[in-house]
2 protein chains.
Amino acid sequence: MKSNINKHRSIRKYRPTPIPEEVLKECLLAASKASTCGNMQLYSLVVTRDEELRRQLAPCHFNQPMLENAPCLVTVCADIHRFSMWCRQRDAEPAYDNFAWFVNASTDALLAAENFCVEAEAQGLGICILGTTLYTARRISEILQLPDGVVPLTTIVVGYPDESPALTDRLPLDAVVHYDRYQEYTAAEIDELWAEKEMSEETRRLLDENQLPNLAQIFTERRYVRKDNLAISESYMELLREKGFFNNK
Amino acid sequence: MKSNINKHRSIRKYRPTPIPEEVLKECLLAASKASTCGNMQLYSLVVTRDEELRRQLAPCHFNQPMLENAPCLVTVCADIHRFSMWCRQRDAEPAYDNFAWFVNASTDALLAAENFCVEAEAQGLGICILGTTLYTARRISEILQLPDGVVPLTTIVVGYPDESPALTDRLPLDAVVHYDRYQEYTAAEIDELWAEKEMSEETRRLLDENQLPNLAQIFTERRYVRKDNLAISESYMELLREKGFFNNK
């Protein structure tokens, strides 16, 4: 591999050392180089270093311990606001307050976010992506004062690592890659793709801890359960409506 | 910058030279290293090299000339199908057929997609991201035989470049970065952020060609007009419903 991507692992313990301005800028610049729909750059990166604001954000991410030390949180937002504001100043009527442009803006935002992460790791920083952002998107929007047309999608914790965890395991490459067309899985293939993960030490530990018969049930009974999934779907959709992503469907 | 990200530009002319298996594999492996929600890897990459299938996909991308020569298309899909299938085989009831998991799966898919692009460029390949994917997502789903729980999000054209375009211009970094909180733009700031773009040769050429008074109107009157945006919003949302991303809201 010619990039440093194969060394990625999520970092969950950070030194409080601040990130030098020029290093942070390189990461942000890398983000801005990502492909973007029509070169419209429909995203914003909110870089929160202020201690008081980080303290306010911590409960939005379930007070995970890494939030105490990591010097910087980057909230990645889909943003049709800035572009629409420009249009209005030019007597052009923007028509991006709809679902298609939530998806386009999210695409822009997430491609940029991954560039940020790749560059951060190249600079010796560690990162962790916080999926909790969806759960508490409304509260995050309030704290960060996001205007209409802007919603948080995910959050990057970034700082100097204070741990050196093993590389994360992944399913075999065959699991996620299909050649030519989607190749439907047989039941036996599914068993095979998950076999290594299911037999790992880590899985054994989790099953003991949770008193459940298999790894899949850890996901469906403990980590991501129907009730929460539905509540998040509803609250996030509601936020999209409030922020004007369904003004005209 | 320590990665090769700052050299990114979209490539729209390709040599038909096939991508060596091992190079393609490195790019796919890089994709699989991206952060993923709960390590669930809720995405699929459909790598289409077959000429007949590429011919079928070309109209989905408005027959852009690059599609004729580029040897490979990667359709990036949100995928809750594979994970749900595994759950069902383990007497675990998956509950990912809802909007929150469309967003989670999209996040996984797009982070992986950008890793693919960064590694492809590190390997001397060129890429172009096709936003047309949303417009024709249903037809793409048919051609690629995507099952329930799988929807296309974007498409990466990839191959060896047959042109060497200038780096794409971007808004000044200040446009997309906010420190601590979202810092609302003043009208004057918006003017300033777009000034360079509006005064460029390229913009002058576009205005002449389109007989319009400013760049913003090129976007709102020509490129991405309300009627199309609404039609795409509706058809994409309808596809999400059909594919089971709103089974229980």
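Data block above holds the structure.
Here the structure is a predicted model, which means the values were calculated and not measured.

S.K.: Can you walk me through the interface of chain B and chain A in this structure?
M.R.: For interface size, the figure often reported is the accessible area lost on association. Counting from both sides, the interface comprises 116 residues of chain B and, opposite them, 116 residues of chain A. Taking both partners together, chain B and chain A bury about 10600 Å²; carbon and sulfur atoms supply 60% of that area. Per-residue buried area on chain B facing chain A is highest for Trp-86, Asp-180 and Tyr-182 of chain B; these three make up 7% of the total on that side. Inspection of the region where chain B meets chain A yields 8 salt bridges. Notably, a salt bridge pairs Asp-97 of chain A with Arg-226 of chain B, separated by 3.9 Å at the nearest N-O pair. At the boundary of chain B with chain A, the tally comes to 80 residue pairs in polar contact (both at pLDDT 80 or more).

S.K.: For this particular structure, what's the right way to read the nonpolar core?
M.R.: Buried together is how nonpolar side chains tend to be arranged in soluble globular proteins. Counting 186 residues, the largest nonpolar core has Phe-102 of chain A together with Phe-102 of chain B as its most contacted members. Contacts of Phe-102 of chain A, omitting those with residues within four sequence positions, involve Val-151, Leu-153, Tyr-236, Leu-240 and Phe-245 of chain A together with Phe-99 and Val-103 of chain B. Listed in part, the 6 residues of the second largest apolar core include Ile-5 and Val-118 of chain A together with Ile-5 and Val-118 of chain B.

S.K.: Sorry if this is basic, but what is going on with the pairing of strand β3 (residues 126-130) of chain A here?
M.R.: When a strand is regular, its side chains alternate between the sheet's two faces. All names here are of chain A. β3 sits mainly inside the fold: 5 of its 5 residues count as buried. Of the two faces of β3, both are covered, the one formed by Gly-126, Cys-128 and Leu-130 as well as the one formed by Ile-127 and Ile-129. Direction of pairing for β3 relative to strand β4 (residues 150-159): antiparallel, over a ladder of 5 bridges. Residue pairing for β4: Ile-127 is matched across the bridge by Val-158.

S.K.: How do you make sense of helix α9 (residues 187-198) of chain B when you look at a structure like this?
M.R.: Because each turn of an α-helix spans 3.6 residues, side chains separated by three or four positions end up pointing in the same direction. Here α9 of chain B contains 12 residues, and its C-alpha end-to-end distance of 15 Å stays within 8% of the 16 Å for a straight helix at 1.5 Å per residue. Along α9 of chain B, the residues classified as buried are Ile-190, Leu-193, Trp-194 and Lys-197 of chain B. All buried residues of α9 of chain B fall inside an arc of 80° around its axis, so they share one side. Of the exposed residues in α9 of chain B, those oriented more than 90 degrees away from the buried face are Ala-188, Glu-192 and Glu-196 of chain B. Close packing links the buried residues of α9 of chain B with α4 (81-89) of chain A together with α8 (173-176), α10 (201-210) and α11 (215-223) of chain B.

S.K.: So what exactly am I meant to see when it comes to the packing of aromatic side chains here?
M.R.: Describing an aromatic ring pair means giving the distance of the ring centres and the angle of the ring planes. Residue and element names in this part refer to chain A. Summed over the entire model, instances satisfying the criterion amount to 35 aromatic pairs over all chains. Note on Phe-83 and Tyr-96: the rings are 5.8 Å apart at their centroids and 75° apart in plane angle, and the pair reads as edge-to-face. Of this pair, Phe-83 sits in helix α4 while Tyr-96 sits in the loop between α4 and α5 (99-122), and the two are 13 residues apart along the sequence. Both residues of the pair, Phe-83 and Tyr-96, count as buried.

Here is what the cut-offs are and how they apply
Residues numbered from 1 in each chain as written. Chains lettered and ligands numbered in written order. Predicted model: local features only at pLDDT ≥ 70, side-chain atom pairs only at ≥ 80, totals over all residues. Heavy atoms only, no water. Contact = heavy atoms within 4.5 Å. Buried area = accessible area lost by both parts, 1.4 Å probe. Salt bridge = Lys/Arg side-chain N within 4 Å of Asp/Glu carboxyl O. Polar contact = N/O pair within 3.5 Å; in protein donor to acceptor, adjacent residues only side chain to side chain. Core = buried A, V, L, I, M, F, W, Y, C linked by side-chain atoms within 4.5 Å. Buried < 20%, exposed > 50% of the residue type's maximum accessible area, 1.4 Å probe, protein only. Helix = DSSP H or I, 4+ residues; strand = E, 2+ residues; numbered from the N terminus. Pairing = 2+ DSSP bridges. Expected span 1.5 Å × (residues − 1). Arc of directions from axis to C-beta. Phe/Tyr/Trp six-rings, centres within 6.5 Å; stacked < 30°, edge-to-face > 60°.

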